[in-house]
Each structure stands twice: as C-alpha cells, then as structure tokens.
Amino acid sequence: MKIALLGYGKMGKVIEKIALNRGHEIVLQKSSSDSYSGLENADVAIDFSVPNSAVANISECLNSGIPIVSGTTGWIKDYPKMVALCEIKNGSFIYSSNFSLGVNLFFELNSYLAKMMSKLDSYSASIQEIHHTQKLDSPSGTAISIANGIIENSEYKNWRLDKNDNEHEIYIDAQRTEKVPGTHSVFYTSEEDTIEIKHIAHSRDGFALGSIIAAEWLVGKKGVFTMRDVLEIENR
C-alpha cells in the first residue's frame, strides 16, 4: 500500500516507521509548507498535521479521489463540511480524535458506564486529561469525545474548562506536562466513593498503529466511517 503522510512532525515520523515495518511504501512526506506533489501516487493518505491545515489536506484528498484518514484535532467545527464533500465526491474518509485501539475501546466503556451512572443522581462526572506541552488544542479532542460520550448517554448538556457548580456540565481538567503522550480519566464522585476509568498511553506508537490499521481498512471502500466501523463494534 502506498501512503501519503500529510503532516511530517513527530507523529508523522512514527507513522512512517510503523508503516514501513508493515511493508507499506511512503510516497509523500508533506510538511505545512510543502506542495501536494506525489499525492496522486498514493492509495491512501494519513493526516496528522495542525488544526489550520487539516481542512485543506482533507479537501485536497477528497477532491483528488484519495482515501483520507485524519487524526488531527482542533478543527472539528468543519467536520460536517468534510462529510458533505466526501459524499459529493463519493470519497472515502475516516476521522477520529484518537486512533489508539485502546482508546477506542475506552470510548465504548465510557459510553456504557455513562448509561449506567445516569440512573444514580448522587454521582457527578468529571474528566481529567494530561498531554505534552506541545499539544496545541485544550481540551484534547479525545477528552471532548469522552465528554460527548457521557452527554449522549446521560442528562449532562455540555462540558466546561472552569470549575463551577452547574450540575448539567462536565468539568474537564486539562493539564499540560512535559513528555506525557496522553492520559485520560473519567471520574464519578459521590460523598461516599469515587469510580474511575483511565487510559494511559505509553508512547505515540498506539496512535500511529491505529491510524495505519484504519488506512488499510479504508482502501477500496466508499463513504464516511469511524473507528467503530474499523473495529467492527456493533451498536448496543
């Protein structure tokens, strides 16, 4: 499989290493100032760029008929536009706030737990996320996905970054620390006890591997998909 890397920072280099080890070929290593020359040779593109480049990268791929997997966060307000463009172009597109296989299983646990906890008024939900200091968005896209998983399965209406007493909003404690690939925790706290679920990334390799598995799965398919499709997770 021939892969175009859109974004050649730390994640792009890890993706390249794992892709080569899996027998794939890299036909483009695009940094923000580079052209798209070579994209036409790709079977699929993987975008791990920056928020202000993601829409252009995804659009270029969809307009060129190249399947695109995007793990860039911080641009999600434009996601409906990219879905519409994919449908117009009969393209192939997967976006995830986190491609780690473990995190995507964590998303499922989070949603299921939220559904159970919604019956218990004595517990309040909160989220903590810790990332490296170079991460541009805060809270992380993963933390927002976790919050949305709770909101969709409970009476919570929104999330917030400040501590206040709004019982319908989920507090996200977003921390930035040197050399932390990513840690996400969900807490349900009452006066009597606390329930916690947590995912700790040990390196960037899990994110990279998941994006490559998604790219391998996407080739030959048409439509807009998620990691639930890639992992064949059935609707509950």
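The shown structure was predicted, so the numbers you read here are calculated from the model rather than taken from an experiment. Numbers given to residues run from 1 along each chain, matching the order in which its sequence is written. Where local features are concerned, this predicted model is filtered to residues with pLDDT of at least 70; where side-chain atom pairs are given and counted, the filter is 80 or more; whole-chain, interface and lining totals use all residues. To obtain the side-chain values, all non-hydrogen atoms of the structure were included, while hydrogens and water were left out.

Participant: Is there a simple way to explain the overall build of the chain in this structure?
Facilitator: For the purposes of this entry, the term helix denotes a DSSP run of H or I that reaches at least four residues, the term strand denotes a run of E that reaches at least two, and both are numbered from the N terminus. Looking only at helices and strands, the chain features seven helices and eleven strands. Taking 236 residues into account, the globule formula puts the C-alpha radius of gyration at 18 Å, and the chain, at 18 Å, falls close to it. Principal-axis analysis of the C-alpha atoms places the extent of the chain at approximately 60 × 40 × 30 Å. Within the chain, buried positions represent 49% of all 236 residues. Here the contacts in the chain between residues at least 6 apart in sequence split such that 63% fall between residues at least 24 apart. Surface accessibility in these figures is a Shrake-Rupley result with a 1.4 Å probe; residues are shielded only by whichever protein chains are displayed. In the structure as shown, the chain presents an accessible area of about 11700 Å², 50% of it carried by carbon and sulfur atoms. Within the chain, one finds 23 positive and 30 negative side-chain charges whose respective centroids are separated by 5 Å. The globule rule used for comparison is 2.2 Å times the number of residues to the exponent 0.38, while the radius of gyration itself is calculated over C-alpha atoms. Exposure classes here rest on a 1.4 Å probe applied to the protein chains alone. A residue is buried below 20% of its type maximum, exposed above 50%, and partly exposed in between. We call two residues in contact whenever any of their non-hydrogen atoms come within 4.5 Å of each other. For the purpose of counting charges, residues Lys and Arg are taken to be positive, whereas Asp and Glu are taken to be negative. His and the chain ends are not included. Throughout, a charge is located at the NZ atom of Lys, the CZ atom of Arg, the CG atom of Asp or the CD atom of Glu.

Participant: Sorry if this is basic, but what is going on with the environment of Ser64 here?
Facilitator: As for its position among the elements, Ser64 is in helix H2 (residues 51–64). Exposure remark for Ser64: the relative accessible area of 39% places this residue in the partly exposed category. Distance from Ser64 to Lys89, taken between C-alpha atoms, is 9.0 Å for residues 25 residues apart in sequence. Residues adjacent in sequence count toward polar contacts only when both atoms are side-chain atoms; beyond that, a polar contact is any pair of N or O atoms within 3.5 Å, and within protein one must be able to donate a hydrogen and the other to accept it. Of the polar contacts made by the side chain of Ser64, one reaches the backbone oxygen of Glu60; its length is 2.7 Å.

Participant: I would appreciate a short explanation of the sheet that holds strand E8 (residues 169–176) in the present structure.
Facilitator: Remark on secondary structure: sheet strands pair via backbone hydrogen bonds, oriented parallel or antiparallel. For two strands to pair, DSSP has to find at least two bridges joining them. Taken together, five strands build an open sheet; the order of strands is E7-E8-E6-E9-E10 and the sheet is mixed. Both outer strands of the open sheet, strand E7 (158–160) and strand E10 (194–200), are each paired with one neighbouring strand and no more. Across the sheet, the mean angle from the axis of one strand to that of its neighbour is 20 degrees, orientation sign disregarded. Looking at chain direction, strand E6 (residues 124–131) and E8 are connected through six bridges and run parallel. Each axis is a line fitted through C-alpha atoms, taken for helices only over the stretch in contact, and angles between the N-to-C directions span 0 to 180 degrees.

Participant: Got a minute to help me understand the packing of aromatic side chains in this structure?
Facilitator: How two aromatic rings sit relative to each other is set out by the distance from centre to centre and by the angle between their planes. Two rings from Phe, Tyr or Trp (for Trp, the six-membered ring) form a pair when their centres are within 6.5 Å of each other. A pair whose planes differ by under 30 degrees is stacked, one over 60 is edge-to-face, and the rest are tilted. Applying the stated criterion to the full structure yields six aromatic pairs. Between Trp75 and Tyr95, the aromatic rings sit 5.3 Å apart at their centres with planes inclined by 80 degrees, giving edge-to-face as the arrangement. A residue pair is termed long-range when its members are at least 10 positions apart, and Trp75 in the loop between strand E4 (68–70) and helix H3 (79–89) and Tyr95 in strand E5 (residues 92–95) qualify at 20 residues. Within the aromatic cluster, the residues linked to one another by ring pairs are Trp75, Tyr79, Phe93 and Tyr95.

Participant: I'm lost on unusual backbone geometry in this one. Help?
Facilitator: Leaving glycine aside, a negative phi is the common case for residues, and trans is the common case for peptide bonds. A positive phi angle, near 50 degrees, is found at Asn90, a position not held by glycine. Looking at where Asn90 falls in the secondary structure, it is placed in the loop between H3 and E5. Of note, Glu232 is a non-glycine position whose phi angle comes to about 55 degrees, a positive value.

Participant: I keep staring at the environment of Lys81 and nothing clicks. Help me out?
Facilitator: Position of Lys81 relative to the elements: it lies in helix H3. In sequence terms Lys81 and Ala4 are 77 residues apart; their C-alpha atoms lie 22 Å from each other.

Participant: I keep staring at the pattern of salt bridges and nothing clicks. Help me out?
Facilitator: Oppositely charged side chains may form a pair once their charged atoms are brought near each other. When a carboxyl oxygen of Asp or Glu lies within 4 Å of a side-chain nitrogen of Lys or Arg, that pair is called a salt bridge. Counted by the stated rule, this structure contains seven salt bridges. Close ionic contact of Arg22 with Glu216 constitutes a salt bridge, the shortest N to O distance being 2.9 Å. With Arg22 in the loop between helix H1 (10–21) and strand E2 (25–30) and Glu216 in helix H6 (residues 205–218), this residue pair connects regions lying 194 residues apart in the sequence. For Arg22, a relative accessible area of 39% gives the class partly exposed. Across the pair Arg176 and Glu129 runs a salt bridge, and its minimum N-O distance is 2.8 Å. Taken as a pair, Arg176 in strand E8 and Glu129 in strand E6 lie far apart in primary sequence, 47 residues in all. Given a relative accessible area of 0%, Glu129 falls into the buried group.

Participant: Can you help me understand the nonpolar core in this one?
Facilitator: A general feature of soluble globular proteins is that nonpolar side chains tend to end up buried together. For our purposes a nonpolar core is just a set of buried Ala, Val, Leu, Ile, Met, Phe, Trp, Tyr and Cys residues, chained together by side-chain atoms within 4.5 Å. One finds Ile3, Ile15, Ile46, Val69, Ile94, Phe99 and Ala214 to be the most contacted residues of the largest nonpolar core, which totals 24 residues. Put simply, the parts of the chain that give this core at least two residues each are strand E1 (2–6), H1, strand E3 (44–47), H6 and helix H7 (227–230). Among the elements that line this core, the one with the most residues is H6, at six residues. In contact with Ile15, other than residues within four places in its own chain, are Leu5, Ile46, Phe48, Ala208, Ser211 and Ile212. Counting 20 residues, the second-largest nonpolar core is a separate cluster that includes Phe107, Ile127, Ile146 and Tyr156.

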